[in-house]
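Examining the three-dimensional arrangement
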Amino acid sequence: MTGEAPLTLDAGFTADPFPALAELLAGGPVRHVVLPDGSEHWAVSRYADAVRVLTDPRMGSEARRALTPAGAAPGRSHPGDHMMNGTLMDRDPPSHTRLRRLVGRMLAARVERMGPRIQEITDELLDALEGQQHADLVEALAFPLPIRVIGELLGVPHRDLPGLRRIGGDLLGFVTDQRSARDARATLSRTREYLALLIAAKRSRPGHDLLSELVAAQAADGRRISDDELLAMALLLLVGGHETTVQLIGTGVLTLLTHPRQLAALRRDPAALLPGTIDELLRFDGPTSPGLFRYTLDDVEVGGVTIPRGSRVLIVLGAANRDPRRFPHPDLFDIGRQDNPHVAFGHGAHFCLGARLARLEGRVAIGSLLKRFPDLRLAVEPDELTWRFASVRGPDTLPVELGAPR
Ligand code: HEM
């Protein structure tokens, strides 16, 4: 394929992806990689190629359309089956365009008004930490804030949130063996059953939430969104709307605590530096650094290499975000970086619909935490932390010493 041996992305990759990302960037424009489930992909790593590929209509998102099941043993799943089947992320035009327009408008109007509520939830979570010396910030802040925000946005009752604790990890984890595949399928069907009941409840007793708004749009004109599409949308918003943001906050706080000069600069002038800090955190070590999947609907040339029609492609966002051809001193964490068009939220037709909400949550969570705890520090060595082995990367826990609150 490319003359180089395939690169295997194993658990070591999510624990410390940077050597592999550097290797990808140092090699040719396209490299063969093998994922934990044994599937092979053409990896695109350079920034310019990533941006080009993500705007190329010959690169489909709908796996089942692009990959033929030919050769699959009877009873085996379709080679394009994955957790996000049928969701907005897994669709191409025209259904992608129709659904994205519908939900995009609804989300934008709601996110506009969410700032004060995000601050209120954050303050409540930080209040609960006062008087404690130690905390795990994943458990205390990074997880509960985004799940409560997306829960309220969608209209998930507060009492149901603890039951959703593991869905992100289960659904976005890499499938490595039969057991993890079974666990993921079980979580998927449980979550879909739960969401079907929730949607039925919104039909009989609508609220002021986004799910009720989608149900109302369907009742007004059934062509706008079908039952299956509504369920898939609820699933994507619920999972995509919290898991990534958990990792932005978790990895973000960790990165700041391990870069004390940058942290001190941020503490001196948060109003000016916080927005740029969030984007630099996304570029430097973003939740989606392992990458995005696409499927070639035709032969596509990348950097002089032809990727044949019907291939799986992995666009390695973490590599693109550290490409020295685009970012000067890419391995430097610099919260004052001016020109920072990172691709942590993707690019093109599928650009993240929750980017504004995620940035807002990141700013409020990290800004409020630093303000409340001026002496915050890590309670373990960074290399003692464990990392999720998943397509969305982040630490399992973040033990800190809080110090006296302000
Ligand atoms: C799509 C990243 C937060 C909802 C995407 C994509 C990326 C991404 C890379 C593109 C997928 C692709 O091209 O295949 C992130 C990151 C986040 C974040 C890094 C947090 C730091 C959120 C939140 C929401 C959300 C909070 C919900 C409100 C979506 C949706 C899509 C999407 C609905 C699908 C868009 C489409 O396919 O047209 N996200 N996301 N995301 N994201 Fe996010």
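Anyway, here's the lowdown on the structure attached to this text.

Rules of the game
- Residues numbered from 1 in each chain as written.
- Predicted model: local features only at pLDDT ≥ 70, side-chain atom pairs only at ≥ 80, totals over all residues.
- Heavy atoms only, no water.
- Near = heavy atom within 4 Å.
- Polar contact = N/O pair within 3.5 Å; in protein donor to acceptor, adjacent residues only side chain to side chain.
- Helix = DSSP H or I, 4+ residues; strand = E, 2+ residues; numbered from the N terminus.
- Nonpolar A, V, L, I, M, F, W, Y, C, P; charged D, E, K, R; others polar.
- Buried < 20%, exposed > 50% of the residue type's maximum accessible area, 1.4 Å probe, protein only.
- Contact = heavy atoms within 4.5 Å.
- Pairing = 2+ DSSP bridges.
- Donors = N, O, S within 2.8 Å, 3.2 Å for Na, K, Ca; no water.
- Phe/Tyr/Trp six-rings, centres within 6.5 Å; stacked < 30°, edge-to-face > 60°.

**Details of the site of the ligand**
Looking at the ligand, there are 29 residues lining it, with His96, Arg100, Arg294, His350 and Cys352 nearest. The contact in question runs from an oxygen atom of the ligand to an N or O atom on the side chain of His96, over 2.7 Å. Between the ligand and the protein, one listed contact pairs an oxygen atom with a side-chain N or O atom of His350 at 2.6 Å. At the level of elements, helix H5 (95-112), helix H12 (227-240), helix H13 (243-257), strand S6 (292-296) and helix H17 (355-372) are the ones that each hand at least two residues to the shell around the ligand. Tallied by class, the residues present in the shell around the ligand amount to 18 nonpolar, nine polar and two charged.

**Focus on the side chain of Ser212**
Mapped onto the elements, Ser212 comes out in helix H11 (residues 210-220). Judged by its relative accessible area of 4%, Ser212 is buried. Engagement of the side chain of Ser212 in a polar contact is seen with the backbone nitrogen of Gly207, the distance being 2.9 Å. Each residue touching Ser212, except ones within four places of it in the same chain, is listed here: Lys202, Pro206 and Gly207.

**Regarding the environment of Ile118**
Here Ile118 is to be found in helix H6 (residues 115-127). Linking Ile118 and Arg377, residues 259 residues apart in sequence, is a C-alpha distance of 24 Å.

**Some words on the pairing of strand S2 (residues 30-34)**
With five of five residues buried, S2 lies mostly within the body of the structure. The two faces of S2 match: Val30, His32 and Val34 on one face and Arg31 and Val33 on the other face are all buried. Examined bridge by bridge, S2 and strand S3 (residues 40-44) share five bridges and lie antiparallel to one another. Paired with His32 across the strands is Trp42, a residue of S3. Connecting the antiparallel pair S2 and S3 is a turn made up of five residues, with Gly38 showing a positive phi of about 90°.

**Concerning the coordination of the iron atom of the ligand**
Of the protein atoms, Cys352 (SG) alone serves as a donor to the iron atom of the ligand, at 2.3 Å. Relative to the helices and strands, Cys352 is located in the loop between helix H16 (317-320) and H17.

**Quick notes on the packing of aromatic side chains**
The geometry of an aromatic ring pair comes down to the distance between the two centres and the angle between the two planes. Considering all chains together, one arrives at three aromatic pairs under this definition. Relative to Phe327, the ring of Tyr47 lies with its centre 5.5 Å away and its plane at 90°, an arrangement referred to as edge-to-face. Here Tyr47 is found in helix H3 (residues 47-54), whereas its partner Phe327 is found in the loop between H16 and H17, with 280 residues between them in sequence. Considered together, Tyr47 and Phe327 belong to a single accessibility category, that of buried residues. Seen in terms of ring centroids, Phe284 and Phe333 are 5.3 Å apart; in terms of plane orientation they differ by 50°. Their pairing is tilted.

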